[in-house]
Amino acid sequence: MTHSFDRDYWDQIWDGDRAGAMAASEPNPHLMREVGDLTPATALDAGCGAGAEAVWLATGGWQVTAADIAPAALARAAERAAASGVAARVRWVRADLSTWQPDARYDLVTTHYAHPAMPQLDFYDRIASWVAPAGTLLIVGHLHHQDHPAGAGHGHGGTEPPASASVTAADITARLDPLVWEVVTARESHRAVTGHGGRDVSIHDVVVRARRRS
């Protein structure tokens, strides 16, 4: 299956019948595990979807910029932030992450299964450049796994992302210059969740956390 991951693709996803379930999802467990020991400061959630991770960060004291290409996702995200009492701590930005440039660098830049209309590793290079000195980059993506389809249950409209949208931990860490980055976590994870329609889904993730040297 080939995906363009352009605005039309994501509009169809967020206007489709799975949008409600996606909007109700819990914050990513990898984010909660990896960020819990950091001092809250400024954060960018790149490809924020319906805002579960952005709201979780804001609730923990972070000042968050959350960017996504789909206005329907951002509308749901803003409602979630308001209901959680953290609307003032999140700035929502409609942005095509393949071309958008933030106006600042951030103490935390994170992304969770985001796929802009560009090569996946090039996207990770882009967001890495937005991390401030001594800041943290956290990437949670689809693991490229030969025996299982990548990204099952992550909101691709009933289809799976192509191999080009999945990576390994080594793929990511190979792009991080050791003179610039200290890799803290490079893990490949397999977990079971309840997916759309109550079916059991196996999730295969890649998680990389790195600290930009100051």
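What counts, and where the lines are drawn
Residues numbered from 1 in each chain as written. Predicted model: local features only at pLDDT ≥ 70, side-chain atom pairs only at ≥ 80, totals over all residues. Heavy atoms only, no water. 1 Å grid on protein atoms, 1.4 Å probe; cavity = no way out; pocket = protein on both sides within 12 Å on 5 of 7 lines; lining within 4 Å. Points joined across faces, edges and corners; volume = space filled by probe spheres on them. Helix = DSSP H or I, 4+ residues; strand = E, 2+ residues; numbered from the N terminus. Nonpolar A, V, L, I, M, F, W, Y, C, P; charged D, E, K, R; others polar. pLDDT = per-residue confidence, 0-100. Contact = heavy atoms within 4.5 Å. Salt bridge = Lys/Arg side-chain N within 4 Å of Asp/Glu carboxyl O. Buried < 20%, exposed > 50% of the residue type's maximum accessible area, 1.4 Å probe, protein only.

**A few points about empty space enclosed by the protein**
Turning to step 1, where the next piece is worked out: For the structure shown, the criterion picks out 1 cavity of 30 Å³ or more.
Turning to step 2, where the next piece is worked out: The space that makes up the largest cavity amounts to roughly 40 Å³.
Turning to step 3, where the next piece is worked out: Every residue lining the largest cavity is listed: L121, Y124, D125, L137, I139, I172, R175 and L176.
Turning to step 4, where the next piece is worked out: Broken down by secondary-structure element, the contributors of at least two residues to the lining of the largest cavity are α6 (120-128) and β5 (131-142).
Turning to step 5, where the next piece is worked out: For the lining of the largest cavity, the element with the highest residue contribution is α6, accounting for 3 residues.
Turning to step 6, where the next piece is worked out: Grouping the constituent residues of the lining of the largest cavity by class yields 6 nonpolar, no polar and 2 charged.

**Topic: the confidence of the model for the protein chain**
Turning to step 1, where the next piece is worked out: Scored by pLDDT, the protein chain has a mean of 85; 77% of the residues are at 70 or more.
Turning to step 2, where the next piece is worked out: Of all the helices and strands in the protein chain, helix α2 (residues 19-23) carries the lowest mean pLDDT, 57, while strand β1 (residues 42-46) carries the highest, 98.
Turning to step 3, where the next piece is worked out: For residues 148-159, every residue scores under 50 in pLDDT, and the model assigns this stretch 41 contacts once sequence neighbours within four places are set aside.

**Some details on the pattern of salt bridges**
Turning to step 1, where the next piece is worked out: Evaluation of the coordinates by the stated rule reveals 5 salt bridges.
Turning to step 2, where the next piece is worked out: For the salt bridge of R187 with E34, the shortest nitrogen-to-oxygen distance reads 3.2 Å. Of the two residues, R187 sits in strand β6 (residues 181-194) while E34 sits in helix α3 (residues 29-35), which places them 153 residues apart along the sequence.
Turning to step 3, where the next piece is worked out: By relative accessible area, R187 is classed as partly exposed at 27%.
Turning to step 4, where the next piece is worked out: Using a relative accessible area of 5% as the deciding quantity, one classes E34 as buried.
Turning to step 5, where the next piece is worked out: Ionic pairing is found between R209 and E34, a salt bridge with its closest N-O pair at 3.4 Å. With R209 in strand β7 (residues 200-212) and E34 in helix α3, this pair connects stretches of sequence that are 175 residues apart.
Turning to step 6, where the next piece is worked out: Taken together, the shared-partner salt bridges connect E34, D37, R187 and R209 into one network.

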